[in-house]
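Residues per chain are reported as follows:
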Amino acid sequence: PQVGAVAGRIDVLNRGHNLLTRMLGVRYRIGFDFVRAYQSVLGSVFVCPGAFTAYRMSVISSHFEAWRHQTFLGAPCTNGDDHALTNVVLSNGFEARYQSNAVARTNVPTTYKRLCMMYLRWSRSNVRESTRYIGFVPKLARNMRWWPAILDAVVSWVQIPMRIYLLFLGWGALLFFPGLLVRTISVALTLSIVHAIIYLRSERSLDAAYTVLYSVFSLLTLQWIYPAALLTVRKSRWMTR
């Protein structure tokens, strides 16, 4: 009765298409069987995926009109509907859970350009809905059982300005200290090993190596996404359709 939404697991259908889709295949699995799995233990899956989620109708039905006509900074919100509905569930005191053996499959972008479009859309939604989440954190804080979920969401929001700061600081520092890039990549590789171990333990597959490769790829080519999302947060084009 306390559960308002259940997120299914999204697997990559076109995983074998190229190197990018192989990295994303592993990335998706970590995003669900690690990230959403631990969030589910807290009763607070931060984003229930639009591709495959079950909602308790009695929880969301009275919020349909507000959801359909949602605006942010005066602009209509026509993407990120999954994150918005998850916020409806959480803001009303219900839990969002994850079910790992309920599986749907999706085709992921096969080129860097389309991947950036997808991530930019997701990041705009994350900026918007994380801001909304911060607004009802005090309400959730009354129930101390939710404190880990609150901390998780606050950290998710704080990373937005931090990424912007580090993007400009980082590239500026590299101009004066080129050796810093090697150290930064080394740190990213070290952190990615944790995900690789988790994937290897779960899947018993050497594809775990793609988590390490993705960490370097993300560090070198995707750090601009969040700053761009913040500057263009009012835009709601889907872009990958």
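Before reading further, recall that the structure is shown in the block above.
The structure presented is a predicted model; accordingly, all values stated were derived computationally and were not measured.

> I keep staring at the overall build of the protein chain and nothing clicks. Help me out?
Secondary structure summary: the protein chain contains nine helices and five strands in total. Along the protein chain, helices and strands appear, N-terminal first, in the series β-α-β-α-α-β-β-α-β-α-α-α-α-α. Expressed as a percentage of its 241 residues, the buried residues of the protein chain come to 43%. In the protein chain, 83% of the contacts between residues at least 6 apart in sequence involve partners at least 24 apart. Carbon together with sulfur atoms contributes 65% to the accessible area of the protein chain, which is approximately 13,100 Å² in total.

> Any chance you could explain the pattern of salt bridges here in plain terms?
Opposite charge on two side chains permits pairing when their charged atoms draw close. Enumeration according to the criterion identifies 10 salt bridges in this entry. One salt bridge connects arginine 29 with glutamate 203, and the closest N-O pair in it is separated by 2.3 Å. Here the residue arginine 29 occupies a position in helix α1 (residues 19–41), and glutamate 203 occupies one in helix α7 (residues 179–203), the gap between them amounting to 174 residues. The closest approach of N and O atoms between glutamate 129 and arginine 128, which form a salt bridge, is 3.0 Å. For glutamate 129, a relative accessible area of 0% translates into the label buried. The exposure class assigned to arginine 128 is buried, which follows from its relative accessible area of 1%. One network of salt bridges, in which partners are shared, links Arg9, Asp11, Arg29, Asp33 and Glu203.

About the criteria used
- Numbering of residues begins from 1 in every chain and follows the order in which that chain's sequence is written.
- Where totals are concerned, whole chains, interfaces and linings use all residues; where local detail is concerned, this predicted model gives features only for residues with pLDDT of at least 70, and gives and counts side-chain atom pairs only at 80 or more.
- The side-chain quantities take in all heavy atoms of the structure and omit both hydrogens and water.
- Secondary structure elements follow DSSP: runs of H or I no shorter than four residues count as helices, runs of E no shorter than two count as strands, and numbering proceeds from the N terminus.
- Between buried and exposed lies partly exposed: a residue is buried under 20% and exposed over 50% of the maximum accessible area for its type, with that area taken using a 1.4 Å probe on protein chains only.
- The contact criterion used is simple: two residues touch if any of their non-hydrogen atoms lie within 4.5 Å.
- Note that accessible areas follow from Shrake-Rupley with a 1.4 Å probe, and for residues the cover is restricted to the protein chains shown.
- By definition, a salt bridge exists where a carboxyl oxygen of Asp or Glu is found within 4 Å of a side-chain nitrogen of Lys or Arg.

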